[in-house]
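# Reading the structure
Chain by chain, the residues run as shown.
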Amino acid sequence: MTSPEKLTVALVQQSNSTSAEQNIAKSVAGIREAADKGAKLVVLQELHRSLYFCQTEDVDVFDLAETIPGPSSNALGELAKELNIVIVASLFEKRATGLYHNTAVVLEKDGSIAGKYRKMHIPDDPGFYEKFYFTPGDIGFEPIQTSVGKLGVLVCWDQWFPEAARLMAMAGAEILIYPTAIGWDPNDDIAEQTRQKDAWVISQRAHAVANGVPVISCNRVGHENDPSTQSDGIAFWGNSFIAGPQGEMLGEANNTNEQVLVVEIDQKRSENVRRIWPFLRDRRIDHYKDLTKIYRD
């Protein structure tokens, strides 16, 4: 399958509420807006159907999970077919009772499921108690072939790990994609908030540089309360962005508003960048064996 040299891509940065219907309506409206502006690939944020429920541990939340294929993937597949686009969605997957994943699913423009990725790195931090809900992925770091190219789809916490990006690139990924839900503790001062956000951006731009491919990072925006009231919740910082193969910013959303960001990426340029900066050629894999260790004691 030949990838287009020029590809218009988009991401939908939105705030969320307790109403799944309202959240889905926002996502669909954003997808339609992106398609109207010429996007052929549209990326949604992490767990876009609901609030970010991992602020607390609550067994009732498992009722939000659904199968893939299932209602959401079917509806988004129909939308992808109607608009003749590829959609990257992020769902709380019920694989079996007691077995759940944080899963990104890619809907092809004919409405079919091109593939899915189950989040591999699962955080467990105050306000981000994901290990309670999600089993680590078992599909591995495998790009998904689509009509718009080979997509290296990862999810949120994965974006901090260069190994994940590298393995996707080594398998032929032409774009790295990160549906995300990350934000500030409202009690952190501005300096700390800035450091955190800048680190997040730098890390992902570095993946673009090191692998010579564009990066699409779609984050949510807006404050979400902690249901347990033990904290002041999370202020999701938005700042969704699309970077080119040298880490250059092609488009960036702000940290306060819902936005649909549409950008044209030049895949031919990615090819040229890889020729000029041949990092894959010069890797010394004969000396990297210790990377399979947790730590070099």
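Worth saying up front: this structure is predicted, and the values here are computed from it rather than measured. Within any chain, residue numbers begin from 1 and follow the written order of that chain's sequence. For this predicted model, a pLDDT threshold of at least 70 governs which residues receive local features, and a threshold of 80 or more governs which side-chain atom pairs are given and counted, while totals over whole chains, interfaces and linings are taken from all residues. Excluding hydrogens and water, the side-chain figures rest on all heavy atoms present in the structure.

### Let's talk about the pattern of salt bridges
To keep things clear, this is the line we draw: For salt bridges, the criterion is a side-chain nitrogen of Lys or Arg within 4 Å of an Asp or Glu carboxyl oxygen. Each helix is a run of H or I in the DSSP string that is no shorter than four residues. Each strand is a run of E no shorter than two, and both are numbered from the N terminus. Accessibility here uses a 1.4 Å probe with only protein chains present; expressed as a share of the type maximum, an area under 20% marks a residue as buried, one over 50% as exposed, and anything in between as partly exposed.
Scanning all chains against the criterion turns up 19 salt bridges. Of the charged contacts in the structure, one is a salt bridge between Glu248 and Arg269, with a shortest N-O distance of 2.5 Å. A residue pair is termed long-range when its members are at least 10 positions apart, and Glu248 in the loop between strand E15 (241-243) and strand E16 (249-252) and Arg269 in helix H5 (residues 267-276) qualify at 21 residues. Residue classification places Glu248 among the partly exposed residues on the basis of a relative accessible area of 23%. With relative accessibility at 29%, the residue Arg269 sits in the partly exposed group.

### Points about the sheet that holds E16
This is how it is decided: A strand pair is defined by DSSP finding two or more bridges across the two strands. Orientation is described by lines fitted to C-alpha atoms, with helices fitted over the stretch in contact, and by angles between N-to-C directions that extend from 0 to 180 degrees.
With respect to topology, six strands assemble into an open sheet ordered E8-E9-E10-E12-E15-E16, the strand pairing being mixed. Strands at the two margins of the open sheet, each flanked by one partner only, are strand E8 (144-146) and E16. On average, adjacent strands in this sheet sit at an angle of 20° to one another, irrespective of strand direction. Bridge count between E15 and E16: three bridges; the pairing is antiparallel. Bridged to Ala243 within E16 is Met249.

### Digging into the packing of aromatic side chains
Just so we agree on the cut-off: Two aromatic rings from Phe, Tyr or Trp, using only the six-membered ring of Trp, form a pair when their centres are within 6.5 Å; if the ring planes differ by under 30 degrees the pair is stacked, by over 60 it is edge-to-face, and anything between is tilted. Placement of a charge over a ring requires the Lys NZ or Arg CZ to be within 6 Å of the ring centre, with the centre-to-atom vector within 35 degrees of the ring normal.
Applying the stated rule across the entire model yields 20 aromatic pairs. Taken together, a centroid distance of 5.8 Å and an interplanar angle of 45° make the contact between Phe62 and Phe132 tilted. With Phe62 in the loop between strand E2 (41-44) and helix H2 (71-83) and Phe132 in the loop between strand E7 (128-129) and E8, this pair connects stretches of sequence that are 70 residues apart. The class of Phe62 is buried, set by a relative accessible area of 16%. Take Phe132: its relative accessible area is 31%, and that puts it in the partly exposed class. Through successive ring pairs, a cluster of aromatic residues spans Phe53, Phe62, Phe92, Tyr100, Phe132, Tyr133 and Phe134. The ring of Phe236 has Arg220 lying over it, and the distance from NZ or CZ to the ring centre is 5.4 Å.

### Topic: the pairing of strand E1 (residues 6-13)
Most of E1 is tucked away, with seven of its eight residues classed as buried. Relative to E2, E1 runs parallel, the two sharing four bridges. By the bridge assignment for E2, Leu11 is matched with Val43.

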